[in-house]
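# Survey of secondary and tertiary structure
Given next are the chains, with one letter for each unit.
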Amino acid sequence: MKKFDKLTGIAAPLPQINVDTDMIIPKQFLKTIKRTGLGVNLFDEMRYDDDGNERPDFVLNKPQYREARILVAGDNFGCGSSREHAPWAIADFGIRCIIAPSFADIFYNNCFKNGILPIVLPQEQVDILMKDAEKGANARITVDLEAQTVTTSDGDTLTFEVDAFKKHCLLEGSTISG
Amino acid sequence: MSPKTLYDKIWEAHLVHEAEDGTSLIYIDRHLVHEVTSPQAFEGLRLAGRPLRAPDKTIAVPDHNVPTTPDRVNGIENEESRIQVEALDRNARDFGVHYYPVNDIRQGIVHIVGPEQGWTLPGMTVVCGDSHTATHGAFGALAHGIGTSEVEHVLATQTLIQSKSKNMKVEITGKLGPGVTAKDITLSVIGRTGTAGGTGHVIEYCGEAIRALSMEGRMTVCNMAIEGGARAGLIAPDEKTFQYVKGRPHAPKGAQWEAALAWWKTLYSDEDAHWDKVVTIRAEDIAPVVTWGTSPEDVLPITGRVPAPEEFKGGKVEAVRRSLDYMGLTPGTPLSEIEIDTVFIGSCTNGRIEDLRAVAAILKGRKVKEGLRAMIVPGSGLVRARAEEEGLAEIFLEAGFEWRLAGCSMCLAMNPDQLSPGERCAATSNRNFEGRQGRGGRTHLMSPAMAAAAAVTGRLTDVRDLM
Ligand code: SF4
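Being a predicted model, the structure only gives us computed values, none of them experimental.

Each helix and strand counted, chain A has six helices and seven strands in total. Scanning chain A from its N terminus toward the C terminus, one meets helices and strands in the order β-α-α-β-α-β-α-β-α-β-β-β-α. Here the C-alpha atoms of chain A give a radius of gyration of 15 Å, agreeing with the 16 Å that 2.2 N^0.38 yields for 178 residues. In terms of overall dimensions, chain A has C-alpha extents of about 45 × 35 × 25 Å along its principal axes. Expressed as a percentage of the 178 residues in chain A, the buried residues total 65%.

We now examine the pairing of strand β9 (residues 166–173) of chain B. All names here are of chain B. As paired strands, β9 and strand β10 (residues 201–206) are joined by six bridges and run parallel to one another. Bridge pairing links E171 to C206 in β10. Between the parallel pair β9 and β10, the chain is carried across by helix α6 (residues 182–193), and the sense of this crossover is right-handed. Two elements, β9 and strand β12 (residues 277–282), share six bridges in a ladder whose sense is parallel. By the bridge assignment for β12, T173 is matched with R282.

Residue and element names in this part refer to chain B. Mapped onto the secondary structure, P178 falls in the loop between β9 and α6. Look at P178 and you get exposed, because its relative accessible area is 62%. Separated by 285 residues in the primary sequence, P178 and V463 place their C-alpha atoms 9.5 Å from one another. When near neighbours in sequence (up to four residues on either side) are disregarded, P178 contacts R464 and M467.

Any two side chains of opposite charge can pair, given that their charged atoms come close. For the coordinates displayed, the defined rule picks out 34 salt bridges over all chains. For E67 of chain A, the salt bridge goes to R69 of chain A, with nearest N and O atoms at 3.6 Å. Overall, R69 of chain A belongs to the partly exposed group, its relative accessible area being 26%. Ionic pairing is found between E423 of chain B and R373 of chain B, a salt bridge with its closest N-O pair at 3.0 Å. Separated by 50 residues along the polypeptide, E423 of chain B in the loop between β17 (402–403) and β18 (424–427) and R373 of chain B in strand β16 (residues 373–376) bring together distant segments of the chain. Given a relative accessible area of 13%, E423 of chain B falls into the buried group. Each of D22 and R83 of chain A together with R436 of chain B takes part in a single network of salt bridges with overlapping partners.

Calculation notes
- Within each chain, residues carry numbers counting from 1 in the order of the written sequence.
- Each chain is given a letter, starting from A, and each ligand a number, starting from 1, according to the order in which they appear as written.
- Restriction of local features to residues with pLDDT of at least 70 applies here, the model being predicted, together with a cutoff of 80 or more for giving and counting side-chain atom pairs; totals for whole chains, interfaces and linings are based on all residues.
- Hydrogens and water are ignored here; the side-chain numbers use all heavy atoms of the structure.
- Helix and strand assignments come from DSSP, with helices taken as H or I runs of at least 4 residues and strands as E runs of at least 2, each series counted from the N terminus.
- Only C-alpha atoms enter the radius of gyration, while the globule expectation follows 2.2 Å times N to the 0.38, with N the number of residues.
- Burial classification: accessible surface area is computed with a 1.4 Å probe over protein chains only, and a residue below 20% of its type maximum counts as buried, one above 50% as exposed, and the rest as partly exposed.
- In this description, strands pair whenever DSSP reports at least two bridges between them.
- Consider the strands pointing away from the viewer: the crossover is right-handed when the path from the first strand over the helix to the second runs clockwise.
- In what follows, residue pairs with any heavy atoms lying within 4.5 Å of each other are defined as contacts.
- The salt bridge criterion pairs a side-chain nitrogen of Lys or Arg with a carboxyl oxygen of Asp or Glu, the two atoms within 4 Å.

Here it is in structure tokens:
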């Protein structure tokens, strides 16, 4: 598994609440017996229309967010099914960090197994980062796991909590995490 | 000794190691496996050259992908599904786990097969790469879903790394009214607490109305603990639990039974145990309910009307706008005027024999509304056989329902049973997410009796009008 220490990148805003794992990776893509290659189908039904064409207004289809490495999302992100295909698809797309006011338990755990850092911050702070993310490609956010900080494009620093063992596993790139 | 909750007791009985930061290793008594979330885990074991730690505690059954039409005896047509089921066949054989292949009469949805075969017992830890593992909590077992990496970890070590959750008590006092079922309880709780209300907690359901439920009803309640965001749902075992378990193929026998029973009788929350969160609902306040939106918390009594986004707060306003648009509903419409195209009865929430009896009671002497697609998918081959013995299947066929073989089917639509865009379904399953039952499909969750009533009238219906 890839290590995670520090990440600077474009953050995509997805202000929706209750984004479920069926939205993240719909069931037709769970028929794979591999862990890779799911990135093109990340958010499939929101990202593509019925004919498979990109919906231009979906955030990850916008030119400024195609290279997003961070996702800023609404409350209860990753609820629903336990499918690890959800973090597999997110990692395969290239997103390594998700910031939200809360996450569903199983999804939260699954992220750590796949080199993704889920960060819980209070709603007001997520709102600040959401606004920052909405500025597009010029606004790069920095996440420092060692220091447990998120730095906005304006240089404001927010701190977050993460369980010591999970942090250690991500820093080391070890898959044995809870 | 300080007073403990049921969850505390089961946790402590399985704790192998606890680090200073609370990260713990717990022993797993039962590991249930299905075809969708396990291939990568078995592959990992193969690559590492590791054997299974406890094949005799591992039970596998294909359910998510399998077709439910009789022609499945000739093999699975969809190539990807076939490959996944074949991979499970091979993994089960190579690693020597207990296996119920597609054409075994005991095959069915993993959460129905486990209890039916007596694999699920009070006080156990039960995991499965599936969020509805919460179902097994009905026996007073600590049961929850895990990801594929954790499936691999459990296969290899029979342990799981976990942090302890908080304790939440959901008490349902009093008695349910006529036409109100376990499904209405569990949906109403989520309607009250929200889909994140249980996050970080293990819920214990208790109170008179929970005690009065059958084991099957209790499974329905615990099944949806995950929709309330909880890690697991629990119900303390009692005489009903013991009677249900007794004599099942893999339940303990003789002296072992007596020993087990003695322990099981200690499995309850102590009087003064500490609860981090408590929710109390009066059974008399619970009506037959349906969901109107795309989150399981979007619950209202069938006598209600489609709400308007402005009635909500925060991020929910936008979410409701989005879901009404997706669901094709206008605020103010009485729920009982919403017309449906399809009825799906089945799933690990409501695919057991009592569910089918409730459906038959409504359908007897009635017909499915013309033009409607209606299907019943029993939760296991044994449930199906039982329904045929009791004459329920005849009632279903007579009424115009399709009578399928066991599997997950249209609960998640990985097999050919799917909704088309815009198709509206009355479903007894557990998730009404966008696209859950097929891209663009619109799902209303409800009890089996309510789904049967909807099948008769062609619209969402108060089952009490047909009783
Ligand atoms: S019936 Fe539905 S919820 Fe239950 S295990 Fe199958 S897919 Fe999951």
